[in-house]
Amino acid sequence: MIDSHCHINDKAFLNREEEYIKNANSVGVDTFLVVGCDLSMSKKAVEIANRYEGCFAAVGIHPSDSKNAGSNDLDEIEKLLSNNKVVAIGEIGLDYYWDKEENIKAHQKEYFVKQIELANKYNLPISIHCRDAYEDCLNILKEHHVNRGGVMHCYGGSKEMMKEFIKLGFYIGIGGTVTFKNAVKIKEVAAVVPSDRYLLETDSPYLAPTPHRGEENQSMYIPLIRDQIAELRGISKEQVDKETTENFKRLFNI
Ligand code: NI
C-alpha cells in the first residue's frame, strides 16, 4: 500500500522517522509521498526521500504558510526540483478557513498560480490543499491548466465538484475522514470515484482514522482507510490496494 500524502518531515516525528517507516512496513505500507508545507519542511522532505528508498518528496508552500514566506523561498523551492526523488509540487492551494481577509486570499492565489507555473515548467503534477475554497480553486485550475494534473489531497468537496476536478485531470486523495461516522460527503465520493482516479493518504500526523481519531496519525493506519473504502465500494481490500497503487504510480510517474 501507498501513503500518497504524509508528513514524516513534521517535527512530531523528529528522530522517529525510522520507527515510523518500520511501523508502516509491518502492515504492508511501503511507499510514501512526504509533503512539504514551507521551505524548511520541503527541504526536510527531500532529505527523508534521499535517506529512505520507499520515500518520495513533494515540495512547495502551503496556502496558510504563504503569508510568512520569504521573498526567495520560491526560488529555493525551484532548486529542490532537480533532485530525482522530488515527484510533485505540494502542498499548494487555497485555505479560507484560517485566512478570511481579502488581501491574504489574494496573496494565496498568487502563490498558488506561481507554483502551478513552476509545476508546468518542470512537467510535474501538483498536490492541492483546499479548504473552504473549492469554487476559487476550481476556477484557478480552469484558467491555469496543469499539464500533468495532480491530486486533491484530503478531498472534502461534493460528488458533483469531484467530477469537475476529474475532468481537469485530477485525482481524489481519500484520507482518515472517510472513516468518520458523520462524514457523509467523502463517503459518497469514495463510493463513486472512478477506479482509476483515487489515492490513499493519511496526512499524518493529522486526521487519524477511527478508532484512533484525535490521536497522532501515522502511515501504519492506511489499512483502516483502505478497508473503509473497500466496504463503501463493495470491492475487496486487495482491489483497492491494486487500484490505488497503479493510480499513484501513473500520476507521479514512479
Ligand atoms: Ni498535508
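From a predicted model like this one, the values you see are computed outputs, not experimental measurements.

> What exactly am I supposed to notice about the nonpolar core here?
Side chains of a nonpolar character, in soluble globular proteins, are inclined to be buried together. If you look at the biggest cluster of nonpolar residues, it comprises 69 residues, and the most contacted ones within it are F32, F112, I126, L141, M152, Y155 and F165. In terms of residues, this core owes the most to one element, helix α5 (residues 102–121), which gives six residues. Apart from residues no more than four positions distant in its own chain, I126 is found in contact with I89, I92, F112, I116, A119, L141, V146, G149, G150, V151 and F170.

> Would you explain the pairing of strand β1 (residues 2–6) in this entry?
The side chains of a regular strand alternate, first on one face of the sheet and then on the other. Within β1, five of the five residues are buried, which leaves the element mostly enclosed by the surrounding structure. Sheet topology note: the β1/strand β2 (residues 31–35) ladder contains three bridges and is parallel. Across the sheet, residue I2 finds its bridge partner in β2, namely T31. This β-α-β element, β1 to helix α1 (residues 17–25) to β2, shows right-handed connectivity.

> Can you help me understand the packing of aromatic side chains in this one?
Aromatic ring pairs are described here by two measures, namely the spacing of the ring centres and the angle between the planes. This structure, assessed with the given rule, holds seven aromatic pairs. Seen in terms of ring centroids, Y134 and F165 are 6.1 Å apart; in terms of plane orientation they differ by 70 degrees. Their pairing is edge-to-face. With a gap of 31 residues between them, Y134 in helix α6 (residues 134–143) and F165 in helix α7 (residues 159–167) connect regions that are remote in the sequence. For F165, a relative accessible area of 0% translates into the label buried.

> For this particular structure, what's the right way to read the pattern of salt bridges?
Side chains that carry opposite charge are capable of pairing whenever their charged atoms lie near each other. Under the criterion given, the structure shown has 15 salt bridges. When the shortest N-O distance is used, the salt bridge between R51 and E47 registers 3.7 Å. A residue pair is termed a helical-turn pair when its members lie 3 or 4 positions apart in one helix, as R51 and E47 do in helix α2 (residues 39–51) at four residues. A residue is classified by how much of its surface remains accessible, and R51, at 44% relative accessible area, is partly exposed. The partner of E110 in a salt bridge is K114, and the shortest N-O contact between them spans 3.1 Å. A residue pair is termed a helical-turn pair when its members lie 3 or 4 positions apart in one helix, as E110 and K114 do in helix α5 at four residues. Judged by relative accessible area, which is 39%, E110 ranks as partly exposed. One network of salt bridges, with partners in common, ties together R226, D227, K237 and D241.

Conventions adopted
Residues numbered from 1 in each chain as written. Predicted model: local features only at pLDDT ≥ 70, side-chain atom pairs only at ≥ 80, totals over all residues. Heavy atoms only, no water. Core = buried A, V, L, I, M, F, W, Y, C linked by side-chain atoms within 4.5 Å. Buried < 20%, exposed > 50% of the residue type's maximum accessible area, 1.4 Å probe, protein only. Helix = DSSP H or I, 4+ residues; strand = E, 2+ residues; numbered from the N terminus. Contact = heavy atoms within 4.5 Å. Pairing = 2+ DSSP bridges. Right-handed = clockwise from strand over helix to strand, strands pointing away. Phe/Tyr/Trp six-rings, centres within 6.5 Å; stacked < 30°, edge-to-face > 60°. Salt bridge = Lys/Arg side-chain N within 4 Å of Asp/Glu carboxyl O.

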